[in-house]
Amino acid sequence: MDESVQNALRKWPNVPAAYGWLALDRRGDWLLEGRPLRHARTIAFINRNYLADESGAWLFQNGPQKVYVSLAYTPWILHRRADHAPGSPGALSTHTGTTLSELRSAWVDEEGNLLLDTALGVGLLDDRDLVGYSPAFCDPSGRPLSDADFTDALARLMAGDPARLGLRDGDRILEAHPIRRADVPAHFGFIAEPMPPAP
């Protein structure tokens, strides 16, 4: 968090929070009242001051004011880094520009979305990066998969059944698990649509 934001919080600790006007879409873009933000300095400021509160709601600390974020899916959107091989440490970064050094678990929902649990929390891999990241998939022992085996394993996971699909993360192999999209917020402990407290 920026030092100027911390100073503002100390000076004005009781500024009412804002809800419903800032959102994070499925590709990691910030939306202000439904329109994509394009101003680079504003985006960088939001990225530096993006965090979760104790309830699992995500927010942008705008000086002394908490601006709660509506999440299209997960609190983090992950992108493949072109300068790293898929499945290697540092191959992914968040929508805020943080490079990930380690993954904790891998999940596939009924739509075929890839969710990765990280030290920061759960993130959705940007759909535009799925093809480029696909070489990281393997069987649970680390062997490459044929196209047919990959397609079969993915279809089983999307149907909610366990499948022999692994994801390479450096020297480790993570087993991919099925999950229903509706269960993701509760499973990973975040609030997708923060609401003001009841009066």
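This is a predicted model, so every value here is computed, not measured.

Draft legend 1. Main features of the overall build of the chain. From N to C terminus, the chain includes five helices and 14 strands. Relative to the 2.2 N^0.38 estimate, which gives 16 Å for 199 residues, the radius of gyration of the chain is 18 Å and therefore close to what a compact globule would have. Seen along its three principal axes, the alpha-carbon backbone of the chain occupies a region of about 60 × 40 × 30 Å. Relative to its 199 residues, the chain shows a buried fraction of 43%. Working note: accessible area of the chain is about 10400 Å², and carbon and sulfur atoms make up 52% of it. Measuring between centres, the 20 positive side-chain charges of the chain sit 6 Å from its 26 negative side-chain charges.

Draft legend 2. How the structure looks around the nonpolar core. Counting 43 residues, the largest nonpolar core has Trp-30, Tyr-50, Leu-103, Leu-115, Leu-116, Tyr-133 and Leu-167 as the members making the most contacts within it. For this core, the leading source of residues is strand 9 (residues 103–108), giving four residues. Setting aside residues no more than four positions away along its own chain, Tyr-133 makes contact with Arg-80, Pro-86, Gly-87, Ala-91, Leu-92, Leu-103, Leu-114, Leu-125, Leu-167 and Arg-168.

Draft legend 3. Representation of the side chain of Asp-126. Examined against the element boundaries, Asp-126 turns out to sit in the loop between strand 11 (121–125) and helix 3 (130–133). Residue classification places Asp-126 among the buried residues on the basis of a relative accessible area of 1%. Excluding residues that lie within four positions of it along the chain, Asp-126 makes contacts with Arg-26, Arg-27, Ile-77, Leu-78 and His-79.

Draft legend 4. Geometry of the pairing of strand 14 (residues 172–178). The pairing of strand 9 with strand 14 spans three bridges and is parallel. The residue bridging Ala-106 from the neighbouring strand is Ala-176, located in strand 14. Counted between consecutive antiparallel strands, the loop separating strand 13 (residues 166–169) from strand 14 contains two residues, among which Gly-170 sits at a positive phi close to 65°.

Draft legend 5. Quick peek at the sheet that holds strand 11. Reading across the sheet, the eight strands line up as 8-7-11-10-9-14-13-12 and stay open at both edges, with mixed pairing between neighbours. The outermost strands of the open sheet, each flanked by one partner alone, are strand 8 (92–94) and strand 12 (137–138).

Draft legend 6. How the structure looks around helix 4 (residues 147–158). An ideal rise of 1.5 Å per residue puts 16 Å on twelve residues; helix 4 measures up with 16 Å between its terminal C-alpha atoms. Looking one or two residues beyond helix 4, the residue adopting positive phi is Gly-160, at roughly 90°.

Draft legend 7. Up close: the pattern of salt bridges. Summed over all chains, the structure comprises eight salt bridges. Residue Asp-126 pairs with Arg-128 through a salt bridge whose shortest N-O separation is 2.6 Å. For Arg-143, the salt bridge is made with Asp-139, and the minimal N-O distance between the two is 3.3 Å. According to the relative accessible area criterion, Asp-139 is buried, its value standing at 10%. Beyond isolated ion pairs, a larger network of salt bridges with shared partners links Arg-27, Asp-126, Asp-127 and Arg-128.

What counts and what doesn't
Residues numbered from 1 in each chain as written. Predicted model: local features only at pLDDT ≥ 70, side-chain atom pairs only at ≥ 80, totals over all residues. Heavy atoms only, no water. Helix = DSSP H or I, 4+ residues; strand = E, 2+ residues; numbered from the N terminus. Rg over C-alpha atoms; globule rule 2.2 N^0.38 Å. Buried < 20%, exposed > 50% of the residue type's maximum accessible area, 1.4 Å probe, protein only. Areas by Shrake-Rupley, 256 points an atom, 1.4 Å probe, with all protein chains shown as cover. Lys, Arg positive; Asp, Glu negative; His and termini not counted. Charge placed at Lys NZ, Arg CZ, Asp CG, Glu CD. Core = buried A, V, L, I, M, F, W, Y, C linked by side-chain atoms within 4.5 Å. Contact = heavy atoms within 4.5 Å. Pairing = 2+ DSSP bridges. Expected span 1.5 Å × (residues − 1). Salt bridge = Lys/Arg side-chain N within 4 Å of Asp/Glu carboxyl O.

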